Amino acid sequence: MTPTRGIESSKGLWMVDTLDVDTFVENYLTPGRPVLVRGADTGWSAPAPWSLSSLRDRFGDRKVPLYDTLFQVNSVSTFARYLGRYTGREPSRDVPPYLRWFVRQSPMELPWSDEVFAELASDWTAPGWLPDTDFAFPRRRRTDHARDPFPGKGLFVCGQGGRTRLHRDPWATDAILLQTTGLKRVTLFAPEQGHLLTNGGAVVDLDRPDDERFPRWRSAEPVLEETLHPGQTLFIPADWYHTAVALEDSVSITWNFVHRTHERRFTEYLDGGGAADPVVGYFRSRELD
Ligand SMILES: O=C(O)CCC(=O)C(=O)O
Ligand SMILES: [Fe+2]
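For clarity, every value in this text was computed on a predicted model and none was experimentally measured.

**Student:** Got a minute to help me understand the site of ligand 1 in this structure?
**Tutor:** Residues in close proximity to ligand 1 include Tyr98, Phe156, Thr164, His167, Asp169, Leu177, Lys184, Ile236, His242, Ala244 and Thr254, which together make up its full environment. At a separation of 2.9 Å, an oxygen atom of ligand 1 approaches a polar side-chain atom of Asp169. For ligand 1, an oxygen atom lies 2.6 Å from a polar atom in the side chain of Lys184. When contributions to the shell around ligand 1 are tallied by element, the ones reaching two or more residues are strand 11 (163-167) and strand 18 (241-246). Taken together, the residues of the shell around ligand 1 break down into five nonpolar, four polar and two charged.

**Student:** Before we go on, may I ask you to explain the coordination of the iron ion (ligand 2) in this structure?
**Tutor:** Distances from the iron ion (ligand 2) to its protein donors, His167 (NE2), Asp169 (OD) and His242 (NE2), fall within 2.1 Å. All donor residues of the iron ion (ligand 2) come from one chain, and their arrangement in sequence is H-x1-D-x72-H. Separated by 73 residues along the polypeptide, Asp169 in the loop between strand 11 and strand 12 (174-181) and His242 in strand 18 bring together distant segments of the chain. For the residue pair Asp169 and His242, the accessibility class agrees, reading buried in each case.

**Student:** Looking at this model, I keep getting lost on the nonpolar core. Mind explaining?
**Tutor:** The tendency in soluble globular proteins is for nonpolar side chains to be buried as a group. Counting 47 residues, the largest nonpolar core has Phe24, Phe79, Trp124, Leu155, Val157, Trp255 and Phe257 as the members making the most contacts within it. If near-sequence neighbours (up to four positions away) are discounted, Leu155 is found in contact with Trp50, Leu99, Arg100, Trp101, Val116, Phe117, Leu120, Val251, Ser252 and Ile253.

**Student:** So what exactly am I meant to see when it comes to the environment of Glu225 here?
**Tutor:** Summarising the element assignment, Glu225 is placed in strand 16 (residues 224-228). On the accessibility criterion, Glu225 (13% relative accessible area) is buried. With 56 residues separating them along the chain, Glu225 and Gly281 place their C-alpha atoms 34 Å apart. Of note is the side chain of Glu225, whose polar atom sits 3.3 Å from the side chain of Thr187.

Rules behind the numbers
Residues numbered from 1 in each chain as written. Chains lettered and ligands numbered in written order. Predicted model: local features only at pLDDT ≥ 70, side-chain atom pairs only at ≥ 80, totals over all residues. Heavy atoms only, no water. Near = heavy atom within 4 Å. Polar contact = N/O pair within 3.5 Å; in protein donor to acceptor, adjacent residues only side chain to side chain. Helix = DSSP H or I, 4+ residues; strand = E, 2+ residues; numbered from the N terminus. Nonpolar A, V, L, I, M, F, W, Y, C, P; charged D, E, K, R; others polar. Donors = N, O, S within 2.8 Å, 3.2 Å for Na, K, Ca; no water. Buried < 20%, exposed > 50% of the residue type's maximum accessible area, 1.4 Å probe, protein only. Core = buried A, V, L, I, M, F, W, Y, C linked by side-chain atoms within 4.5 Å. Contact = heavy atoms within 4.5 Å.

This is the structure in structure tokens:
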């Protein structure tokens, strides 16, 4: 795979230093093009980076779920125990568990992060180029990204070497990944590369590729392979394949959404069986209008 940098798409750059709502909606959200916003003018006010030690002082005793390299929970620990065991280590090839601290998205009993997000809410705001109106899922007229719950909204914490293996996000949603601490390498493939990267419903694990099952994965070319720095934000459009690895101990915030722009796509997803998804059901049952 050859990383490609700073590619110019027909309607804008994959990487920009500054962005506004109209340009984001027209050039990226509507056509489904990723963009990495790396300038200081991202509109967000987090005192980036949040240091792991200050987060430990605030939340050390809270229970946290630890995941594999995707969305399987393997154990429950405390935040302080996770940081003590898996951060501040010499660089190694071990892959630590991944602390994905989501806000509640089902009635399941898991350590959710709603209280943590409530306590962090005045530390940050979403990038100024994200719309704050007209969301179709979760349906809201006006949105406060720092305070409102979203499907998949989480504080993602992992020690150096932590990974999220290649996947597409669920629920026909777009996603934001906002890096607050440490460096994270992200790689994105366009949906059209799917036939090279998948076999049936399975997606190749680029860290341990099975050449027999995925004989053509080496021909896939990422559109974007870049290092996210604290303060930078990545827009991941629906259906794009993506993977991430923490080059340093890392904290990110992420969340998923459907804007009015893509309401029809979402309705088709619901009609095609998505309405039965428990996370979709959980959020739709809480819609106010
Ligand atoms: O940051 C990561 O490890 C993965 C992020 C991701 O998959 C997402 O935001 O959808
Ligand atoms: Fe994702």
